[in-house]
Amino acid sequence: MPTKLPAETGLQTTGPTPLERYSATASNSARVVINNYSTSFSLACRMLDPQSRTHIANVYALVRLVDEVVDGVACEAGLSPEATGQVLDSLEAETETALQAGYSTNMVVHAFASTARCCGIDATLTRPFFASMRNDLSVSTHDGSSLEKYIYGSAEVVGLMCLRVFRSAPHAPTGGEDQAAEAARRLGAAFQKVNFLRDLASDTSELGRCYFPGLSPETFTNGHKDLLVKEIKADLEAAAQGLVFLPPRAQLAVSLAHGLFSELNQQLSQASAAELLARRVSVAPWRKAAIVLRVVGAHLAKKLCRRPGIHEPEGHR
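What counts and how
Residues numbered from 1 in each chain as written. Predicted model: local features only at pLDDT ≥ 70, side-chain atom pairs only at ≥ 80, totals over all residues. Heavy atoms only, no water. pLDDT = per-residue confidence, 0-100. Helix = DSSP H or I, 4+ residues; strand = E, 2+ residues; numbered from the N terminus. Contact = heavy atoms within 4.5 Å. Phe/Tyr/Trp six-rings, centres within 6.5 Å; stacked < 30°, edge-to-face > 60°. Buried < 20%, exposed > 50% of the residue type's maximum accessible area, 1.4 Å probe, protein only. Salt bridge = Lys/Arg side-chain N within 4 Å of Asp/Glu carboxyl O. Axes fitted to C-alpha atoms, helices over the stretch in contact; angles between N-to-C directions. Left-handed = near helix turned anticlockwise from the far one by under 90°. Expected span 1.5 Å × (residues − 1). Arc of directions from axis to C-beta. Parallel < 35°, antiparallel > 145°, perpendicular 65-115°, else oblique. Nonpolar A, V, L, I, M, F, W, Y, C, P; charged D, E, K, R; others polar.

## So, the confidence of the model for the chain
For the chain, the mean per-residue pLDDT works out to 89, and 91% of the residues sit at or above 70. The secondary structure element of the chain with the lowest average pLDDT is helix H1 (residues 6–9), at 48, and the one with the highest is helix H6 (residues 107–119), at 98. Below pLDDT 50 for its whole length, residues 1–9 participates in 3 contacts with residues either more than four positions away or in separate chains. Counting contacts from residues 309–317, a segment whose pLDDT is below 50, to residues more than four positions away or on other chains yields 6 contacts.

## Some points on the packing of aromatic side chains
One pass over the full model with this rule turns up 10 aromatic pairs. Seen from their ring centres, tyrosine 150 and tyrosine 211 are 5.2 Å apart, and the 35 degrees between their planes marks the pair as tilted. One end of the pair, tyrosine 150, is in helix H8 (residues 144–167); the other, tyrosine 211, is in the loop between helix H10 (200–205) and helix H11 (222–240), with 61 residues separating them in the sequence. Pair check on accessibility: tyrosine 150 and tyrosine 211 agree, each one buried. Plain terms: the ring middles of phenylalanine 196 and tyrosine 211 are 4.2 Å apart, the flat faces sit at 10 degrees to each other, and that makes the pair stacked.

## A few points about the pattern of salt bridges
Opposite charge on two side chains allows them to pair when their charged atoms are near. By the definition in use, this model includes 16 salt bridges. Between lysine 193 and glutamate 231 there is a salt bridge, with the nearest N and O atoms lying 2.8 Å from each other. You can see lysine 193 sitting in helix H9 (residues 177–198) and its partner glutamate 231 sitting in helix H11, a full 38 residues away along the chain. Judged by relative accessible area, which is 39%, glutamate 231 ranks as partly exposed. Across the pair aspartate 226 and lysine 225 runs a salt bridge whose closest N-O atoms are separated by 3.0 Å. Exposure remark for aspartate 226: the relative accessible area of 40% places this residue in the partly exposed category. Through salt bridges with shared partners, a single ionic network connects Glu182, Arg186, Lys193, Glu231 and Asp235.

## Digging into the packing of helix H12 (residues 248–270) against helix H14 (residues 285–305)
Contact pair H12 / H14: the axes reach a minimum separation of 10 Å and the direction vectors enclose 145 degrees. As for the relative orientation of H12 and H14, their crossing is right-handed in sense. Contacts between H12 and H14 pair Pro248, Gln251, Leu252, Ser255, Leu256, Gly259, Leu260 and Glu263 from the former with Arg287, Lys288, Ile291, Val292, Arg294, Val295, Val296, His299 and Lys302 from the latter.

## Quick notes on unusual backbone geometry
Positive phi is not limited to glycine here, since histidine 171 has a value of about 65 degrees. A relative accessible area of 73% means that histidine 171 is categorised as exposed.

## Observations concerning H14
Counted at 1.5 Å a residue, the expected span for H14 with its 21 residues is 30 Å, and the 30 Å between its end C-alpha atoms agrees. Taken together, the buried positions of H14 are Lys288, Ile291, Val292, Val295 and His299. The buried residues of H14 occupy an angular sector of 105 degrees when projected down its axis, which confines them to one face. Seen from the open side of H14, the exposed residues pointing more than 90 degrees away from its buried face are Trp286 and Leu293. Tucked into the core, H14 has its buried residues touching helix H3 (39–45) and H12.

## So, the packing of H11 against H12
Helix-helix packing is characterised by the crossing angle of the two axes and by the distance between the axes. Running from N to C, H11 and H12 point in directions that differ by 165 degrees, and their axes come no closer than 9 Å. By the angle between their directions, the pair H11 and H12 is classed as roughly antiparallel. Every pair of crossing elements has a handedness; the one defined by H11 and H12 is left-handed. Here Lys225, Asp226, Val229, Ile232, Lys233, Leu236 and Ala240 of H11 lie close against H12, whose contacting residues are His258, Phe261, Ser262, Asn265, Leu268, Ser269 and Gln270. Per-class residue counts for the contact of H11 with H12 are 6 nonpolar, 5 polar and 3 charged.

## Quick look at the environment of glutamate 92
Within the secondary structure, glutamate 92 is located in helix H5 (residues 81–101). Taking the relative accessible area as the measure of exposure, glutamate 92 reaches 14% and is therefore buried. Spatially, the C-alpha atoms of glutamate 92 and glycine 159 are 19 Å apart, while their sequence positions differ by 67 residues. Ignoring sequence-local partners within four residues, the contact set of glutamate 92 consists of Arg127, Phe130 and Arg134.

Structure below.
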């Protein structure tokens, strides 16, 4: 005799609703994106609480999806610049619709919209991002003003999106909104400038782009490189001041990402301008492991020192 399903018997099930199942699957797809595209960010995300980890992966996945559209995937697939622009326009429209409706047939967009609606991310952040990505289809060089606008849209707003995730997390501190936002923007800018230098070879030879005003492969010198490294270091130092405005697990994750990009900046400082035009610097696995141990160890020591009766050694304060 066949067994009746719960719906046929009138009994209520306790499993996920269709939308909940779909949203969970969408977030799983976002997790695949971050795991396949960035070892540094996926490593840092593991330090977060489960809810924040899912949200940051959802944000990263949309950012990566859009970035891939303009960085050669659409071109390799045979799309013209005009057709690529239309794809980008459609993707932005789909994102804005999902922000309002809470649903998209594109799972990456759906995952992002779920996070955005939960954490207060809106079109004031997504529109500058899409605008900067659209610039990559038509703008190959920048002046100081256009570069500042490009970095805000391509990187600083992503930092602000992540900040909204962290400030929505359990045990998030209150107050310091302006300082936290400034730190998030400076961290996003530092990450982007590091990537500009890391990708100097491919950006110039494959994509025909030069982000730094007045510079070209022919005129790029060690002096130029040193100034940019110094600028990145200043951004990273300013960003570190914002850690106190984050919940503990977010502090750990951001400290790790900060440490990894600080190491990249150190490697950029040690490489010559000619080397950066020939290869992409990266952090060796053993060095990443050492940074993880250092950052996690410092976090645990700080946590331990907060316990009653335990005081931090004088030399470590």
